[in-house]
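# Structural characterization, general
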Amino acid sequence: MLLAGIAGNLCAQSGDKTFDVPDYVIFNRKFTISLDNKNKMEIRLSDIKDLDRLANLDSLLEVFLNDIALLKDSLTDELIGIRIDYVTDAQNRKKIRLLQYPATGSAFVVDKGGLAALRTAQDTIHIIGILINPLKPVDKTDPNRPRYYHFSFYLNDWTDINNYMNGELNAKIKTLQTNLNGKWPLIKGTSSHYLQKDNTISAERRRGHSAPGDFLTGYIAINAQNYKNLFVPSFSLGVRATLTNKDRSFKRQPGLLWEPHFFFSRDAQGVIKTYRNDFITLLYAQGGTKDHDPRKEFSFSTHLSFGYLVHSRGEYFDKNSFRWGAGQVQILKTVIEPAIYFHDFFKGVTPSIKISQSF
């Protein structure tokens with residue numbers, strides 16, 4: 001057993017990777033269980049099938065309490081916030097870290113004419129482990145990687161964990177397993193959901209899903225570009241698919257857009273006329289992800305677009321005209337893309353810069 005990180009020990013800090021899951025680990029499911037007295041437990045799983053192996057939570061907590069029994073002398077100050085990290089590796093070695101957080105201020109309660117110190121911070125317990133020989137995954141996860149579980153307890157006092165080793169947590173997990181695919185109504189005033197069969201079980205998304213792996217999104221943007229010596233506004237409307245690898249470390253984004261270009265000129269009577277020329281554009285981008293979350297914007301290593309003129313008005317474009325873009329610079333929701341227009345086999349090449357504002 002390794003004990004490290006008691007307050008004042010500078011060699012073990014909260015960022016110590018020894019007590020974190022590896023960077024490649026993805027927790028595909030996350031649930032919160034509300035307990036009494038504002039205590040709560042969070043469950044993070046690499047795959048929902050892992051819940052079958054963790055249904056007997058009382059046994060896991062009993063092993064945890066036996067392993068930290070020798071540290072009880074360091075856990076007696078009731079006014080100090082405590083964090084316990086308990087990690088079991090693939091060789092079944094137990095690693096324990098104890099962090100203590102003295103109060104930065106003072107709080108008191110008056111009761112029966114007396115004044116007593118009041119504790120305002122909760123204790124935290126993190127229990128992390130690896131599942132040996134797990135079942136075939138249901139969620140999108142790499143079968144060649146070890147599968148982790150992560151239980152977090154947020155308690156008014158860390159000893160409150162004893163109050164829940166009476167089958168209560170096992171029953172909660174059983175309820176979650178049985179009703180996982182049932183209804184998850186929205187919690188009013190939030191974006192989270194609760195399990196209809198037991199409203200003490202909640203999740204940020206239905207069935208506890210974390211960030212999606214593959215998904216389809218709509219795309220809309222307003223654009224401005226030059227064509228020859230003309231200023232040409234346009235807009236983009238379409239869909240993009242996001243496809244990620246099993247580690248969610250890399251994503252590909254194909255897309256299909258309708259992009260009408262608008263030209264303006266005056267007729268012989270001086271009346272302004274509008275001419276719309278429509279391109280159908282194929283997009284392709286690929287690159288790394290940020291925080292294993294493909295929804296977050298991140299710089300692409302490759303970005304290509306290829307458009308074909310499908311509807312023409314006015315004498316602005318030749319027949320069989322194309323638009324080809326490559327590379328981009330993105331600043332928040334604004335994208336700058338170099339491109340060329342041409343017809344047939346690279347005839348009449350015209351360079352262009354396209355500036356887009358997406359929504």
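Within each chain, residues carry numbers counting from 1 in the order of the written sequence. Local features in this predicted model are restricted to residues whose pLDDT is 70 or higher, and side-chain atom pairs enter the listing and the counts only when it is 80 or higher, whereas totals over whole chains, interfaces and linings include all residues. For side-chain calculations, the full set of non-hydrogen atoms in the structure is used, while hydrogens and water are omitted.

## Thoughts on the pattern of salt bridges
Salt bridge criterion: a side-chain nitrogen from Lys or Arg within 4 Å of a carboxyl oxygen from Asp or Glu. A full pass over the atoms with the stated rule returns 14 salt bridges. With its nearest N and O atoms 2.9 Å apart, the salt bridge here joins Arg29 to Asp139. One end of the pair, Arg29, is in strand 2 (residues 29-34); the other, Asp139, is in the loop between strand 8 (123-131) and strand 9 (147-155), and 110 residues separate them in sequence. Residue Arg29 shares its accessibility class with Asp139, and that shared class is buried. For Glu337, the salt bridge is made with Arg323, and the minimal N-O distance between the two is 3.2 Å. Separated by 14 residues along the polypeptide, Glu337 in strand 19 (residues 334-343) and Arg323 in strand 17 (residues 321-326) bring together distant segments of the chain. With respect to burial, Glu337 and Arg323 carry one shared label: buried. Salt bridges sharing partners connect three or more residues here, namely Arg83, Asp85 and Arg97. The helix count covers DSSP runs of H or I at least four residues long, the strand count covers runs of E at least two residues long, and both are numbered beginning at the N terminus. The buried label goes to any residue with under 20% of its type's maximum accessible area, the exposed label to any with over 50%, and the partly exposed label to all in between, with areas taken from a 1.4 Å probe on protein chains only.

## Regarding the packing of aromatic side chains
Aromatic pairing here means that ring centres of Phe, Tyr or Trp (its six-membered ring) are within 6.5 Å. Orientation follows from the plane angle: under 30 degrees is stacked, over 60 is edge-to-face, and everything else is tilted. A full pass over the atoms with the stated rule returns 20 aromatic pairs. Their ring planes at 80° and their centres at 6.2 Å tell us that Tyr227 and Phe263 sit as a pair that is edge-to-face. Note that Tyr227 is positioned in strand 12 (residues 215-227) and Phe263 in strand 14 (residues 250-266), a separation of 36 residues in sequence. Ring centres 4.5 Å apart and planes at 45° place the aromatic pair Tyr227 and Phe317 in the tilted group. With Tyr227 in strand 12 and Phe317 in the loop between strand 16 (302-311) and strand 17, the pair connects residues that are 90 residues apart, well separated along the chain. Overall, the relative accessible area of 6% leaves Tyr227 in the buried class. Owing to a relative accessible area of 9%, Phe317 belongs among the buried residues under this scheme. We count a charge as sitting over a ring when the NZ of a lysine or the CZ of an arginine lies within 6 Å of the ring centre and within 35 degrees of the ring normal. Between Lys40 and the ring centre of Tyr154, over which it is positioned, the NZ or CZ distance is 5.4 Å.

## Notes on the packing of helix 1 (residues 57-67) against helix 2 (residues 168-179)
Axes, fitted as lines to C-alpha atoms, cover a helix only where it is in contact. Angles between the N-to-C directions of the axes lie from 0 to 180 degrees. Packing of helix 1 against helix 2 brings their axes to within 8 Å, and their N-to-C directions diverge by 140°. Considering their axes alone, helix 1 and helix 2 lie oblique with respect to each other. In contact with Leu57, Asp58 and Leu61 of helix 1, helix 2 contributes Leu169, Asn170 and Ile173. Here roughly perpendicular refers to angles of 65 to 115 degrees, roughly parallel to angles under 35, roughly antiparallel to angles over 145, and oblique to all remaining angles. Should any heavy atoms of two residues lie within 4.5 Å, those residues are counted as being in contact.

## Brief notes about helix 2
Here, expected helix span is obtained from the residue count minus one, scaled by 1.5 Å. In this model, helix 2 (twelve residues) spans 17 Å end to end at C-alpha, consistent with the 16 Å of a helix rising 1.5 Å per residue. Those residues of helix 2 that fall on the buried side of the exposure criterion are Leu169, Asn170, Lys172, Ile173, Leu176 and Asn179.

## Examining the environment of Asp198
Within the secondary structure layout, Asp198 lies in strand 11 (residues 198-203). Sequence separation between Asp198 and Thr175 is 23 residues, and the spatial gap between their C-alpha atoms is 7.6 Å. With sequence-adjacent residues up to four places away left out, Asp198 is seen in contact with Lys172 and Thr175. Within the structure, the side chain of Asp198 is placed 3.1 Å from the side chain of Lys172, a separation counted as a polar contact. Residues adjacent in sequence count toward polar contacts only when both atoms are side-chain atoms; beyond that, a polar contact is any pair of N or O atoms within 3.5 Å, and within protein one must be able to donate a hydrogen and the other to accept it.

## Some details on the pairing of strand 12
Pairing between strand 12 and strand 13 (residues 230-244): 13 bridges, direction antiparallel. Counterpart to Tyr227 in the pairing with strand 13 is Leu230. Should DSSP find at least two bridges between two strands, the strands are regarded as paired. Where strand 12 hands over to strand 13, the hairpin turn is made up of two residues, of which Lys228 adopts a positive phi near 55°. Two elements, strand 12 and strand 20 (residues 347-358), share five bridges in a ladder whose sense is antiparallel. Opposite Ala224, over in strand 20, you have Ile355 as the bridge partner.

## With respect to the environment of Phe345
The residue Phe345 is located in the loop between strand 19 and strand 20 in this model. We classify Phe345 as exposed; its relative accessible area is 72%.

## Digging into the pairing of strand 16
Side-chain direction in a regular strand flips from residue to residue, so the side chains alternate between the two faces of the sheet. For strand 15 (residues 272-288) and strand 16, the ladder comprises nine bridges, and the chain directions are antiparallel. Paired with Gln286 across the strands is Thr302, a residue of strand 16. Pairing of strand 16 with strand 17, which is carried by five bridges, proceeds in the antiparallel orientation. Each bridged residue has a counterpart across the sheet, and for Leu304 the counterpart in strand 17 is Ala326.

## Observations regarding the side chain of Asp160
Positionally, Asp160 belongs in the loop between strand 9 and helix 2. Apart from the residues lying within four places of it in its own chain, the contact partners of Asp160 are Asn39 and Leu155.

## Side note on the side chain of Arg147
Tracing the backbone through its elements, the reader meets Arg147 in strand 9. Here the side chain of Arg147 touches Asp50 through a polar contact of 2.7 Å, side chain to side chain. Residues in contact with Arg147, not counting those within four places in the same chain, are Ser46, Asp47, Asp50, Gly129, Ile130, Leu131, Pro134, Leu135, Pro137 and Thr141.

## A few points about unusual backbone geometry
Look at Asn37: it is not a glycine, yet its phi comes out positive at around 55°. Owing to a relative accessible area of 57%, Asn37 belongs among the exposed residues under this scheme. For Asn320, which is not glycine, the phi torsion reads 60° and is therefore positive. By the element assignment, Asn320 lies in the loop between strand 16 and strand 17.

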